[in-house]
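Working through the structure, step by step
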Number of protein chains: 4
Amino acid sequence: MHERSATGGADGGRRSRGARTRARLLQAATRVFAERGLEAARVDDIVAAARTSHGTFYLYFGNKEELFAALAEEVAAELQALADDLPEQLVEDRAALRAWLARLTSTYRTHGPVLRAWTEAEVHGDAFGRLGTDLHARFGRALLRRLPRLDGLDPQLTAVALVAMIERLNYYQLAGHVRLRRDVMLDALTDVVVRMLDSRR
Amino acid sequence: MHERSATGGADGGRRSRGARTRARLLQAATRVFAERGLEAARVDDIVAAARTSHGTFYLYFGNKEELFAALAEEVAAELQALADDLPEQLVEDRAALRAWLARLTSTYRTHGPVLRAWTEAEVHGDAFGRLGTDLHARFGRALLRRLPRLDGLDPQLTAVALVAMIERLNYYQLAGHVRLRRDVMLDALTDVVVRMLDSRR
Amino acid sequence: MHERSATGGADGGRRSRGARTRARLLQAATRVFAERGLEAARVDDIVAAARTSHGTFYLYFGNKEELFAALAEEVAAELQALADDLPEQLVEDRAALRAWLARLTSTYRTHGPVLRAWTEAEVHGDAFGRLGTDLHARFGRALLRRLPRLDGLDPQLTAVALVAMIERLNYYQLAGHVRLRRDVMLDALTDVVVRMLDSRR
Amino acid sequence: MHERSATGGADGGRRSRGARTRARLLQAATRVFAERGLEAARVDDIVAAARTSHGTFYLYFGNKEELFAALAEEVAAELQALADDLPEQLVEDRAALRAWLARLTSTYRTHGPVLRAWTEAEVHGDAFGRLGTDLHARFGRALLRRLPRLDGLDPQLTAVALVAMIERLNYYQLAGHVRLRRDVMLDALTDVVVRMLDSRR
DNA sequence: GATGAATGAGAATTCATTCAT
DNA sequence: GATGAATGAATTCTCATTCAT
């Protein structure tokens, strides 16, 4: 099917008409998912937002889920790259840890609508649920590998707990449940992670 | 409307016919929500599971959401009581903290299906979203009040982060994303909380 | 079935319990028909207004229509008696004509709710439609018999037209489409009828 | 929404597919309302009569009432134009009056089904009730303006009474309560109106 | 006589998806 | 490539009527 990049917009209208239509649909869907949520979003809303027609929608995507998959996979790729880039030294290099958390936060902010919709899918327990679980696991494993010897702490659970905390805090921020200044949150989060992992204290 | 108690289950069939039917619907809905999720659950599924009719359903609940509200409010009450019972001394009295975490975990396990559906509603951003946010805030405030002086840690964020961690970990356990033995998880979680809050170290 | 008078209330509680319940249902139905209309009135509304139960309703009436029939027949009887009492001399005895019109107006006012519901049934074209048409015809024939020789006017149509006018004007008054003082309306209506029929002018 | 003209019928199939479908629905609804009445008519009946589907119905109309509104407004426009065209000289120019009554009768005949349904709506007291009352008032005012000085007759009531008579007589004819030859009815009606208004007699 | 819980056949409405143009 | 009218299965909700107590 149509697998050209849908959002890499730097080719200023050079893409074929089809590619542009597809991209317009993806962008529109992002907006609609953000406003209505995944389940409540109607194909009708999406094609209206994209100023195109039902027929066109099905020209590019087999159904709503398939469109969402295209969106989600982009974000997943970004998050996986992020997981792999977790600094080797978490405690020793606070600056690197903070920078990494900043990247993560940016990603959450940029892809907020998709991530929120994803959380919804996750609850439904379908394909995206699994994708989400995999991502979590990947984050957990990346963290686990960098974890210093922790006197008495179960490393697996610690990793999971940290991921949960980081991920949820970003999610709350995204959903508007908490409203913290970006730098305050980053400082504090860095503190918390370091505090938990620094066995020298 | 018919608002008799639906769960006071210890009266073995003594309740009036109506009360029993209502309770049957609540139980059936719990099962269906667990299996299908809140959004995907059909009134049809619920009445089939309760071995009753559509008409009867609407005799007791205005719609699916209202039924879920009845379910959710029970759980909310329990969780709020729990928030209020958080031990005064978190670091000094490990045993009390662990016991409290155990209670929380039990609640999560007992009301798993409802909580999972709740998370779903939360994403949709409707009334339960707010109820959930309130609950979170309550947990956060309770924790904040018990927090020892933390050298350099932002207390508010620490509280939120801890709640996020505890809550999510329980949720993961519930959703099957992680599978940890109950006592291992409790020990580890206690460790993590104490470690974060213990300023004597 | 139960054919005792339902509204002749002067026997102060002497009626059997059943008769009282039946009367309560009839009164309640009158109120509900007035508020909601015939079609929109629910058995539920009626039994609520009568402070009784669904089961009881069907103890006394086979269905909603049957109850309405009981109500309508009382009014029909009154209107038929009225038709038969039309004064012999319409033009010569203005006072008698005015008195008769006053009786008709009173009847409309007293049985307003039922008559309004009746008009509704009439449109639906069911049994009451026929009953209503019969009544109209009876009024028309009564009028026709008293009509003086009218130079050049078709007597049948004149009678029908007069009935239509009288009936409609009362209906408008009832429905609130026009709001005229009772005596003004009676005087004017008397004038109009006399003017139309007085061939001496 | 789809608001293209639905009745401009002289373009024999030139209209777009949508416009034709919409027109088919309107025609079908007219038939169904005539047969079953407004309240009893089912969307199902209408789409069956129009040989289309439920989905299509809701593509063009929000619901049954909205469809009826479209129908009723056409007729209302015609009746309002008629009210405005009432001849200036009612008594002096019998021929003009008769012609006007003929037009009114034709309108009633042409739009019979809609008018009958309208009467039903009027009883229910909803939006069409008001529209109908307005129309009546308009007829009344038009008549009032043309009314000659009437020795002793209340002009307002006379106008209302005449409108009631004319309107009802046409309605009876339509509903089949009376069955008069068209020219006989027109002659008689003209006679009655002139007789009532002619002060020279 | 009276009750009110239970029923289930309908009715309205929505929305993903198809397909002729 | 694009369109948008048409579809109909799926779903929610209502309400007259029955019936066990």
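Residues numbered from 1 in each chain as written. Chains lettered and ligands numbered in written order. Predicted model: local features only at pLDDT ≥ 70, side-chain atom pairs only at ≥ 80, totals over all residues. Heavy atoms only, no water.

Describing the interface of chain A and chain B
Often, the extent of an interface is quoted as the loss of accessible area upon association of its parts. Facing the 40 residues of chain A at the interface are 40 residues of chain B. Interface area for chain A against chain B, summed over the two sides, is near 3400 Å², with a carbon-plus-sulfur share of 68%. Put simply, chain A and chain B have 4 residue pairs in polar contact (both at pLDDT 80 or more) between them. Listed by contribution, the elements that provide at least two residues to the side of chain A that touches chain B are helix H6 (112-124), helix H7 (127-146), helix H8 (155-175) and helix H9 (182-197) of chain A. If you tally residues by element for the side of chain A that touches chain B, the top one is H8(A), at 11 residues. Broken down by class, the residue content of the side of chain A that touches chain B amounts to 20 nonpolar, 8 polar and 12 charged. (Contact = heavy atoms within 4.5 Å. Buried area = accessible area lost by both parts, 1.4 Å probe. Polar contact = N/O pair within 3.5 Å; in protein donor to acceptor, adjacent residues only side chain to side chain. Helix = DSSP H or I, 4+ residues; strand = E, 2+ residues; numbered from the N terminus. Nonpolar A, V, L, I, M, F, W, Y, C, P; charged D, E, K, R; others polar.)

Focus: the domain arrangement of chain A
Residues and elements named next belong to chain A. For chain A, the assigned domains are domain 1 (1-62) and domain 2 (71-201). Every contact between the two is made by 10 residues of domain 1 and, on the other side, 9 residues of domain 2. Summed over both partners, the interface of domain 1 with domain 2 buries about 750 Å², with 65% contributed by carbon and sulfur atoms. Where domain 1 touches domain 2, the interface holds 0 salt bridges. There are 0 residue pairs in polar contact (both at pLDDT 80 or more) connecting domain 1 and domain 2. Classifying every residue of the side of domain 1 that touches domain 2 gives 6 nonpolar, 3 polar and 1 charged. (Domains from an automatic or database assignment. Salt bridge = Lys/Arg side-chain N within 4 Å of Asp/Glu carboxyl O.)

What about the pattern of salt bridges?
All names here are of chain A. The tally for this structure, following the rule as stated, stands at 28 salt bridges over all chains. Between Arg94 and Asp191 there is a salt bridge, with its nearest N and O atoms 3.0 Å apart. Separated by 97 residues along the polypeptide, Arg94 in helix H5 (residues 94-110) and Asp191 in helix H9 bring together distant segments of the chain.

Quick word on unusual backbone geometry
The phi angle at Arg51(A) is positive, at roughly 50°, despite the residue not being glycine. With respect to the secondary-structure elements, Arg51(A) resides in the loop between helix H2 (43-49) and helix H3 (54-60).

Considerations on the side chain of His136(C)
With respect to the helices, strands and loops of the structure, His136(C) is situated in helix H7 (residues 127-146). Under the relative-accessibility criterion, His136(C) is labelled buried at 16%. Apart from the residues within four sequence positions on either side, His136(C) is in contact with Glu122(C), Val163(C), Glu167(C) and Tyr172(D). (Buried < 20%, exposed > 50% of the residue type's maximum accessible area, 1.4 Å probe, protein only.)

Considerations on the interface of chain C and chain D
Each side of the interface is counted separately: chain C has 40 residues, and chain D has 40 residues. When the two sides are added together, the surface that chain C and chain D hide from each other amounts to roughly 3400 Å², 69% of it contributed by carbon and sulfur. Seen at the junction of chain C and chain D, the total is 0 salt bridges. For the interface between chain C and chain D, the tally reads 4 residue pairs in polar contact (both at pLDDT 80 or more). Mapped by element, the contributors of at least two residues to the side of chain C that touches chain D are helix H6 (112-124), H7, helix H8 (155-175) and helix H9 (182-197) of chain C. Ranked by the residues each element gives to the side of chain C that touches chain D, the list is headed by H8(C), at 11 residues.

Quick word on the side chain of Thr21(B)
By the element assignment, Thr21(B) lies in helix H1 (residues 17-36). Ignoring any residue separated from it by four or fewer positions in sequence, one finds Thr21(B) in contact with Thr56(B) and Tyr60(B).

Notes on the relation of the copies chain C and chain D
For these two chains of identical sequence, chain C goes onto chain D by a turn of 179° and a shift of 0.1 Å along the axis, with RMSD 0.1 Å. Both chain copies can therefore be described as sitting about a two-fold axis. Considering only C-alpha atoms, the part of chain C nearest the rotation axis is Met165(C), at 2.3 Å. Same-surface contact between copies: 100% of interface residues of chain C are shared with the interface of chain D. (Least-squares fit on C-alpha atoms with pLDDT ≥ 70 in both.)

Digging into the protein's contact with DNA strand F
Taken together, 34 residues sit near DNA strand F, with Thr52(A), Gly55(A), Tyr60(A), Thr21(D) and Tyr60(D) positioned nearest. A distance of 3.1 Å is found between a base oxygen of DNA strand F and a backbone nitrogen or oxygen belonging to Gly55(A). Counting only elements with at least two residues in the surface near DNA strand F, the list comes to helix H1 (17-36) and H3 of chain A, helix H3 (54-60) of chain B, helix H3 (54-60) of chain C together with helix H1 (17-36) and helix H3 (54-60) of chain D. At 5 residues, H3(A) tops the list of elements feeding residues into the surface near DNA strand F. Its residues assigned to classes, the surface near DNA strand F comprises 10 nonpolar, 18 polar and 6 charged. (Near = heavy atom within 4 Å.)

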